[in-house]
Amino acid sequence: MKTDEIKGHGAMLGAETMWGLSAPVGKAVLASGIAPLLLTEFRMLGAAVLFWTVSLFTKKEEVSSRDLLSIAFASLLGIIFNQGMFIFGLSLTSPVNASVITTSSPIITMIIAALFLGEPVTKLKAGGVFVGAIGAFILIAGGSGAASAGQPSSVWGDLLCLGAQVSFACYLVFYKRLTAKYSPVTLMKWMFTYASICVIPFSYNEMAAADWGAISWETIAGIAMVVVGATFVSYILLPVGQRYLRPTITSMYNYVQPVIASVVAVCWGLDSFNLMKGLAVVLVFAGVFMVTKSKSRAQLEAERGERGERDSREG
């Protein structure tokens, strides 16, 4: 495996670890009385401030007007619709339902990449997505009893979570070029700036009406984790994964989220490790490995070209 690919896999593993931790933490923050729109604004504005601060200490990059427009649309798909719909969906459904729906992302990404980028849906790739999905479902089903206790769910919440996955899949497929052109800090400081500007008009009333003095330190710590870990750190790592990995491989790391949730549950004494969980973890990472080993369109075209040259010489 090339060094760049190792960087990409490490970045996606780190990003998905943060997102895996954010679902239970985010649900706890929402349960404490923080409105979904307010938590969304915390994420957007907090990340924008952090990225602009970091950019002061990194090499300055000029972004063309055309790319600024592309980044604005990228922020709609990769941040506003994705994070906004997921948080609103999470407030209406259970963490288990939300986790199950996130497993649809690799399938959606694979279909969109095939339709718009011409990426081949090989047997190995489709098999890897399927194997990973089985592992994720085993993990989610194994913890669904305790995790869903007292947690209502609704069709609207599930649909919003599904919409978030479709939006994110479109972002992974359509905006890979930007991640290759600009550094993660430059790209994300503009994306989160646009996202904040779009959300502030809708969240202003919630922010003005919030009883800031009544917010507990536990809730503040949860918000900080969502903003710093699940937003700032994750979105620094995401463009690195996009730059070095194909969209379907990048999205396959969504299957890591239930693995992280299960590990946390075991460490906190909320669940126990057993053979089925071990098998599920193996299936998840086996699925990622299979998709990684599947051939891209460029590789298949190169092979066809080599065969054509070989045939012409033999003829």
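Calculation rules
Residues numbered from 1 in each chain as written. Predicted model: local features only at pLDDT ≥ 70, side-chain atom pairs only at ≥ 80, totals over all residues. Heavy atoms only, no water. Helix = DSSP H or I, 4+ residues; strand = E, 2+ residues; numbered from the N terminus. Salt bridge = Lys/Arg side-chain N within 4 Å of Asp/Glu carboxyl O. Buried < 20%, exposed > 50% of the residue type's maximum accessible area, 1.4 Å probe, protein only. Phe/Tyr/Trp six-rings, centres within 6.5 Å; stacked < 30°, edge-to-face > 60°. Lys NZ or Arg CZ within 6 Å of the ring centre and 35° of its normal. Core = buried A, V, L, I, M, F, W, Y, C linked by side-chain atoms within 4.5 Å. Contact = heavy atoms within 4.5 Å. Axes fitted to C-alpha atoms, helices over the stretch in contact; angles between N-to-C directions. Left-handed = near helix turned anticlockwise from the far one by under 90°. pLDDT = per-residue confidence, 0-100.

Draft legend 1. Main features of the environment of P120. Positionally, P120 belongs in the loop between α5 (105–116) and α6 (123–147). Separated by 10 residues in sequence, P120 and M110 have C-alpha atoms that sit 8.8 Å apart.

Draft legend 2. Layout of the pattern of salt bridges. Evaluation of the coordinates by the stated rule reveals 2 salt bridges. As a salt-bridge pair, R177 and D67 come within 3.2 Å of each other at their nearest N and O atoms. With R177 in helix α8 (residues 176–181) and D67 in helix α3 (residues 65–92), this residue pair connects regions lying 110 residues apart in the sequence. Since its relative accessible area comes to 47%, R177 is described here as partly exposed. With relative accessibility at 2%, the residue D67 sits in the buried group. Salt bridges here are not isolated pairs; linked through shared partners, they connect D67, R177 and K181.

Draft legend 3. Summary view of the packing of aromatic side chains. For the structure on display, the rule yields 11 aromatic pairs. Taking 6.1 Å as the distance between ring centres and 35° as the angle between the ring planes, the aromatic pair formed by F168 and Y171 counts as tilted. Pair noted here: F168 and Y171 are both in helix α7 (residues 155–174), with a separation of 3 residues, about one helical turn. The residues F168 and Y171 share a single accessibility class, namely buried. Sitting above the plane of the W52 ring, K189 keeps its charged end 4.3 Å from the centroid.

Draft legend 4. Examining the nonpolar core more closely. Core analysis: the biggest nonpolar cluster contains 53 residues, and Y171, M188, M191, F192, Y235 and L238 have the highest contact counts within it. Those residues in contact with Y235 that lie beyond four places of it in its chain are W19, F51, G78, I79, N82, Q83, M188, F192 and A230. In this structure, A35, L39, I215 and I223 belong to the second largest nonpolar core, which totals 18 residues.

Draft legend 5. Structural context of the packing of helix α2 (residues 36–55) against helix α9 (residues 184–209). Between α2 and α9, whose axes approach to 7 Å, the crossing angle comes to 145°. Crossing of α2 over α9 shows left-handed handedness.

Draft legend 6. Focus on the confidence of the model for the protein chain. Across the protein chain, the average pLDDT comes to 81, with 84% of residues at or above 70. Contacts for the low-pLDDT stretch residues 145–150, under 50 throughout, to residues beyond four places or in other chains number 2 contacts.

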